[in-house]
Amino acid sequence: MKYASEMHNTCLPWLFLSLSLILFTTTRAKVPAVIVFGDSSVDSGNNNVISTLLKSNFRPYGRDFYGGHPTGRFCNGRIPPDFISEAFGLKPAIPAYLDPAYNISDFATGVCFASAGTGYDSATSKVLNVIPLWKELEYYKEYQQKLRAYVGEKAANQILGKALYLMSIGTNDFLENYYIFPTRQSQFSVRQYQDFLLGLCENFIRELHGLGVRKLSITGLPPMGCLPLERATNILGQNECQDEYNNVALEFNWKLEGLVIKLNKELLGMRMVSAPAYDIFYQIIRRPSLFGFEVTGVACCSTGTFEMSYLCNRFNPFTCSDANKFVFWDAFHPTEKTNKIISDHLIPGLLAKFSH
């Protein structure tokens, strides 16, 4: 009896550990990878290797990232897909597809195809010579082939079908294209341009579905009238948020939600959500002290009014010492702290929707 008791006591911890590992693996397998499309809000470094002026692979970018290394993320640290990946039990930083430091073994559990400065509209990507959305899709198709060669057809199809896909895009279509250059304004009213972009969005999602994508979270526009760059140029409005741009964002997001409902009905097996990031971001901007921030009108880097990319560099003496006090890192992009608060707001909904 003593021997049986000892065996029982010895086996129980191992049995518990084995069951825990099985449960962890099963949970993790429900989202085996996080795959990202979009613009600088989610780009983890693809622009590093293309011929564009829109880069961030130098200090002070990345100063609060692991090891203090600039990666090409437009932030002092991590961006939302990194936090979302970690929440699903995957790696805490998603690599860029074009980064030569990584290969298919790294990309099997998560990969980013996003490119800073891009938009739904191919004309937007031409402004700063970045990767258009259709090219992101071509890279994804290439990735599918590499993944099948790496893990086999069956395993690859499992990963691709169960992966969580993130999309965050659209701001540049308005702020770097429509409101800057006359071409689209001569062709469309702002509401017509919204509909034009949503048509491109629908086509892209239908293509993704045809390629086996089944779990998709798509983020609409942020309160883009409150970005430091837009506030700096709103001189007549005493550098407050530009309400027109925020209203355009809200209307676009409302239409996007309608598109998500429609495509969930029409696309067999598709589970798609419109991630509600606007409201939490706007709350942070309007009531920063509630979230532990001190500065919201200007960014941490340089003067915080118009600088980003090469204008936000390590030689600038005005860059803040503590980015956690600031909502924005540069004139266009939030700090890691802001990214984490927004991500933490979205993650429970994503886990509830896609963890089964």
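Further up the page is the structure itself.
Here's what I pulled together on the structure shown here. (Residues numbered from 1 in each chain as written. Predicted model: local features only at pLDDT ≥ 70, side-chain atom pairs only at ≥ 80, totals over all residues. Heavy atoms only, no water.)

Considerations on the overall build of the chain
No. 1: Broken down by element type, the chain carries 13 helices and 5 strands.
No. 2: The C-alpha radius of gyration of the chain comes to 22 Å, within 12% of the 21 Å expected for a compact globule of 356 residues.
No. 3: Burial status across the chain gives 53% buried among its 356 residues.
No. 4: Partitioning the contacts of the chain with sequence separation of at least 6, the portion at a separation of at least 24 is 71%.
No. 5: Carbon and sulfur atoms provide 59% of the accessible area of the chain, an area that totals close to 16200 Å².
No. 6: Each charge class in the chain was averaged separately, 33 positive and 32 negative side chains, and the resulting centres sit 7 Å apart. (Helix = DSSP H or I, 4+ residues; strand = E, 2+ residues; numbered from the N terminus. Rg over C-alpha atoms; globule rule 2.2 N^0.38 Å. Buried < 20%, exposed > 50% of the residue type's maximum accessible area, 1.4 Å probe, protein only. Contact = heavy atoms within 4.5 Å. Areas by Shrake-Rupley, 256 points an atom, 1.4 Å probe, with all protein chains shown as cover. Lys, Arg positive; Asp, Glu negative; His and termini not counted. Charge placed at Lys NZ, Arg CZ, Asp CG, Glu CD.)

Thoughts on the state of the cysteines
No. 1: Here the structure, examined in full by the defined rule, presents 3 disulfides.
No. 2: With its sulfur 1.9 Å from that of its partner, Cys300 forms a disulfide with Cys320. For the disulfide bridge between Cys300 and Cys320, the dihedral angle about the S-S bond is near -95°, and by the sign convention the bridge is left-handed. Residue Cys300 is located in the loop between α12 (277-286) and α13 (336-354), and its partner Cys320 is located in the loop between α12 and α13; the two are separated by 20 residues in the primary sequence. (Disulfide = S-S within 2.5 Å.)

Things to note about helix α11 (residues 243-266)
No. 1: The first and last C-alpha atoms of α11 sit 35 Å apart over 24 residues, in line with the 34 Å expected at 1.5 Å per residue.
No. 2: Here α11 has its buried residues at Tyr245, Asn246, Val248, Ala249, Phe252, Asn253, Lys255, Leu256, Leu259, Val260 and Leu263.
No. 3: Residues of α11 that are buried in the fold lie against α7 (171-178), α9 (190-210), β4 (215-219), α10 (228-233), β5 (271-275) and α12. (Expected span 1.5 Å × (residues − 1).)

Topic: the packing of aromatic side chains
No. 1: As enumerated under the stated definition, the model contains 27 aromatic pairs in all.
No. 2: For the ring pair Phe37 and Phe113, a centre distance of 5.5 Å and an interplane angle of 20° mean the geometry is stacked. Placement of Phe37 in strand β1 (residues 34-38) and of Phe113 in the loop between β2 (110-112) and α4 (122-127) is noted, with a sequence separation of 76 residues between them. Across the pair, exposure class does not vary: Phe37 and Phe113 are buried alike.
No. 3: Between Tyr97 and Tyr139, the ring centres sit 5.7 Å apart and the planes meet at 50°, which makes this aromatic pair tilted. Here the residue Tyr97 occupies a position in the loop between α2 (80-87) and α3 (104-107), and Tyr139 occupies one in helix α5 (residues 133-151), the gap between them amounting to 42 residues. Tyr139 matches Tyr97 in its accessibility class, with the two residues each being buried. (Phe/Tyr/Trp six-rings, centres within 6.5 Å; stacked < 30°, edge-to-face > 60°.)

Details of empty space enclosed by the protein
No. 1: Under the defined criterion, the tally for this structure stands at 2 cavities of 30 Å³ or more.
No. 2: As for the largest cavity, its lining consists of 31 residues, of which Ser41, Pro80, Ser168, Thr219 and Pro222 are closest to the centre.
No. 3: When contributions to the lining of the largest cavity are tallied by element, the ones reaching two or more residues are α2, β3 (164-168), α7, β4, α12 and α13.
No. 4: For the lining of the largest cavity, a count of residues per class yields 20 nonpolar, 10 polar and 1 charged.
No. 5: Considered as a void within the structure, the second largest cavity measures approximately 30 Å³ in volume.
No. 6: Together, Ser40, Leu54, Gly117, Asn172, Glu176, Met308, Phe332 and His333 line the second largest cavity. (1 Å grid on protein atoms, 1.4 Å probe; cavity = no way out; pocket = protein on both sides within 12 Å on 5 of 7 lines; lining within 4 Å. Points joined across faces, edges and corners; volume = space filled by probe spheres on them. Nonpolar A, V, L, I, M, F, W, Y, C, P; charged D, E, K, R; others polar.)

A word on helix α6 (residues 153-162)
No. 1: Looking only at α6, the buried set comprises Ala156, Ile159 and Leu160. What you see down the axis of α6 is that its buried residues fit within an arc of 95°, all on one side.
No. 2: Buried positions along α6 lie against α5 and β3. (Arc of directions from axis to C-beta.)

Brief notes about the environment of Tyr139
No. 1: Assessed through its relative accessible area of 17%, Tyr139 is described here as buried.
No. 2: With 42 residues separating them in the primary sequence, Tyr139 and Tyr97 have C-alpha atoms 8.1 Å apart.
No. 3: With residues near it in sequence (within four places) discarded, Tyr139 still touches Tyr97, Leu98, Phe113 and Ile131.

Side note on unusual backbone geometry
No. 1: Cis geometry is adopted by the peptide bond preceding Pro60, which originates at Arg59 and carries an omega value of 10°.
No. 2: Inspection of the secondary structure puts Pro60 in the loop between β1 and α2.
No. 3: Notably, Asn129 is not glycine yet its phi reads approximately 55°, a positive angle.
No. 4: Backbone geometry at Ser309 places phi at a positive 55°, although glycine is not the residue there.
No. 5: Within the secondary structure, Ser309 is located in the loop between α12 and α13.

Re the nonpolar core
No. 1: The biggest cluster of nonpolar side chains holds 86 residues, and the ones touching the most others in it are Tyr140, Tyr143, Met167 and Ile205.
No. 2: When residues of this core are assigned to their parent elements, the largest contribution, 8 residues, is made by α11.
No. 3: Setting aside residues no more than four positions away along its own chain, Tyr143 makes contact with Ile35, Tyr97, Ile104, Phe107, Ala108, Val111, Phe113 and Leu160.
No. 4: Membership of the second largest hydrophobic core comes to 16 residues, among which are Val42, Phe83, Ile84 and Ile94. (Core = buried A, V, L, I, M, F, W, Y, C linked by side-chain atoms within 4.5 Å.)

A look at a nonpolar patch on the surface
No. 1: A cluster of nonpolar side chains, Val127, Ile180 and Phe181, forms an exposed patch at the surface whose accessible area comes to about 250 Å².
No. 2: With respect to the helices and strands, the residue Ile180 is situated in the loop between α7 and α8 (182-187).
No. 3: The exposure class assigned to Ile180 is exposed, which follows from its relative accessible area of 53%. (Patch = residues over 30% accessible without salt bridge, like charges linked within 9 Å, V, L, I, M, F, W, Y side chains within 5 Å. Salt bridge = Lys/Arg side-chain N within 4 Å of Asp/Glu carboxyl O.)

From the geometry alone we can't say anything about function, so treat these as descriptive.
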